[in-house]
Amino acid sequence: MEKEVLEIVKKVFGDEAKILSPLVGGMMNKSFIVEYNNEKYVLYISTEQANEMVDRVLERDNQKLIIDLGLTSKNVYFDTDKGIKANEYIEGSSLDKADSYDSKKAAALLKRMHESGKLSRENYNPFIRFVAYEEEAKSFGDNFEANYPVLRKEIFDNKEFLESQKMVLCHNDAQKSNIVKSADEKYYLIDFEFVGNNDPIYDIATFGNGKVSEGYELLVDYYDGHPTAEQQRRYYLWRIFISLQWHNVAIVKHFRGEGKVHGFNFLDVANFFFANAMDAYKGLKEVK
């Protein structure tokens, strides 16, 4: 892989470019900090499965919307065929690596996007995506947890309610690793593979990828301390939805052998997200 990465770096930037360090990637990309002409960039190299899942032309167009809003750094290279991208590096750290973060600033960042009046040319269509990921997971056999049907029924029983919300421009993967706090305490979004029009609370729910409670704190800050019972319901339903979705994706990645590429045990990842879904289900049942 190292030789392949070096070849990509030279193609994108030139022979004088050098890799400073890898970044801890998610399930969809490998990423690296690259230096060229005394400037730093982040190079993203997508996995094969990610390229199957993502419309790269749409991603490029959606990223431009976010750039025009001043919510991310400038893109300098985008190969829509191979899913190879390079953006100017934001000096700082993602919120999952930061010593601390300001939930109110993260909420304000998302609000600026949601209330911009801009729209993607495509809706995100979360339920269509969910079924596609689930069907692929099923193709490897029955690897679902015993309570999976209970959680699935909860979100699909509420499908009409969730899909009836006003749609705005959303990131759709606004987890802590995709929000960067710069050295001067400004907050920026990165990674735009899933941008599309959706319920804004979906974005808030994605922030709870690590802990359901962190996403709920963001919900409280987003609604100035007073989310309604309906907004809380939407949060927990979407949190269950997202956790089951990534549970399915992790199962697929395990059986496709992608753990060796990423250095992850994807069954552990699948179990983590199922536990996260159960936490969200408990929260849903406590909403008055």
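A brief structural summary. (Residues numbered from 1 in each chain as written. Predicted model: local features only at pLDDT ≥ 70, side-chain atom pairs only at ≥ 80, totals over all residues. Heavy atoms only, no water.)

Take the packing of aromatic side chains next. Counted under the stated rule, the structure contains 21 aromatic pairs. Ring geometry for F140 against F255: centres 5.4 Å apart, planes inclined by 15°, an arrangement best described as stacked. On the criterion of sequence distance, the pair formed by F140 in the loop between α5 (126-138) and α6 (148-157) and F255 in helix α10 (residues 229-255) is long-range, its members being 115 residues apart. When its relative accessible area of 36% is taken as the criterion, F255 is described as partly exposed. Connected via pairs of aromatic rings, a cluster forms that spans Y124, F127, F130, F156, Y202, W238 and F241. Taking NZ or CZ as reference, R152 lies 4.1 Å from the ring centre of F156, over its face. When the ring centre of F127 is taken as reference, the NZ or CZ atom of K159 above it lies at 5.4 Å. (Phe/Tyr/Trp six-rings, centres within 6.5 Å; stacked < 30°, edge-to-face > 60°. Helix = DSSP H or I, 4+ residues; strand = E, 2+ residues; numbered from the N terminus. Buried < 20%, exposed > 50% of the residue type's maximum accessible area, 1.4 Å probe, protein only. Lys NZ or Arg CZ within 6 Å of the ring centre and 35° of its normal.)

Next up on the list: the side chain of N198. Relative to the helices and strands, N198 resides in strand β10 (residues 196-198). Not counting chain neighbours up to four residues away, the residues in contact with N198 comprise Y124, P126, K166, M167, V168, C170, N172 and W238. (Contact = heavy atoms within 4.5 Å.)

With that settled, the discussion passes to the side chain of Q165. Mapping Q165 onto the fold places it in the loop between α7 (159-163) and β7 (168-170). Here Q165 falls in the buried class, since its relative accessible area comes to 14%. Among the polar contacts listed, one links the side chain of Q165 to the side chain of R234, at a separation of 3.4 Å. Residues contacting Q165, with those up to four places away along its chain left out, are D199, E230 and R234. (Polar contact = N/O pair within 3.5 Å; in protein donor to acceptor, adjacent residues only side chain to side chain.)

A word on the sheet that holds strand β6 (residues 92-94). Pairing within the open sheet is antiparallel, and its 3 strands lie in the order β6-β8-β9. Strands with a single pairing partner mark the edges of an open sheet, and in this sheet they are β6 and β9 (187-189). Each adjacent strand pair in this sheet contributes to an overall mean axis angle of 30°, direction not counted. Bridging between strand β8 (residues 179-182) and β9 involves 3 bridges; their strand directions are antiparallel. Note that in β9 the partner of V180 across the bridge is Y188. On the sheet, helix α4 (residues 103-114) packs against β8 and β9 and is oriented at approximately 50° with respect to β9. (Pairing = 2+ DSSP bridges. Axes fitted to C-alpha atoms, helices over the stretch in contact; angles between N-to-C directions.)

Pairing within the open sheet is antiparallel, and its 5 strands lie in the order β1-β2-β3-β5-β4. In this open sheet, the two edge strands, each paired with only one partner strand, are β1 (18-23) and β4 (75-79). Averaged over all pairs of adjacent strands, the angle between their axes in this sheet comes to 20°, without regard to strand direction. Helix-sheet contacts for helix α1 (residues 2-13) involve β1, β2 (29-36), β3 (39-46), β4 and β5 (84-88), and the interaxial angle to β3 is about 125°. Across the sheet, helix α3 (residues 56-68) lies against β3, β4 and β5, angled at about 170° from β4, the strand it touches most.

Let's shift gears to the pairing of β8. The alternating pattern of β8 places I179 and K181 and V180 and S182 on opposite faces, both of which are buried. For β6 and β8, the ladder comprises 3 bridges, and the chain directions are antiparallel. In the strand pairing of β8, S94 is matched with V180. Between β8 and β9, which pair antiparallel in sequence order, lie 4 residues; one of them, E185, sits at a positive phi of approximately 70°.

A pair of packed helices can be characterised by two numbers: the angle between their axes and the separation between those axes. Closest axis-to-axis distance for the α4/helix α9 (residues 212-222) pair is 9 Å, and the angle between their directions is 65°. Viewed along their axes, α4 and α9 adopt a mutual orientation that is roughly perpendicular. Every pair of crossing elements has a handedness; the one defined by α4 and α9 is right-handed. On the side of α4, the interface is formed by S103, K104, A106, A107, L110, K111 and H114, while α9 contributes E217, L218, D221 and Y222. In the contact of α4 with α9, the residues fall into 5 nonpolar, 2 polar and 4 charged. (Parallel < 35°, antiparallel > 145°, perpendicular 65-115°, else oblique. Left-handed = near helix turned anticlockwise from the far one by under 90°. Nonpolar A, V, L, I, M, F, W, Y, C, P; charged D, E, K, R; others polar.)

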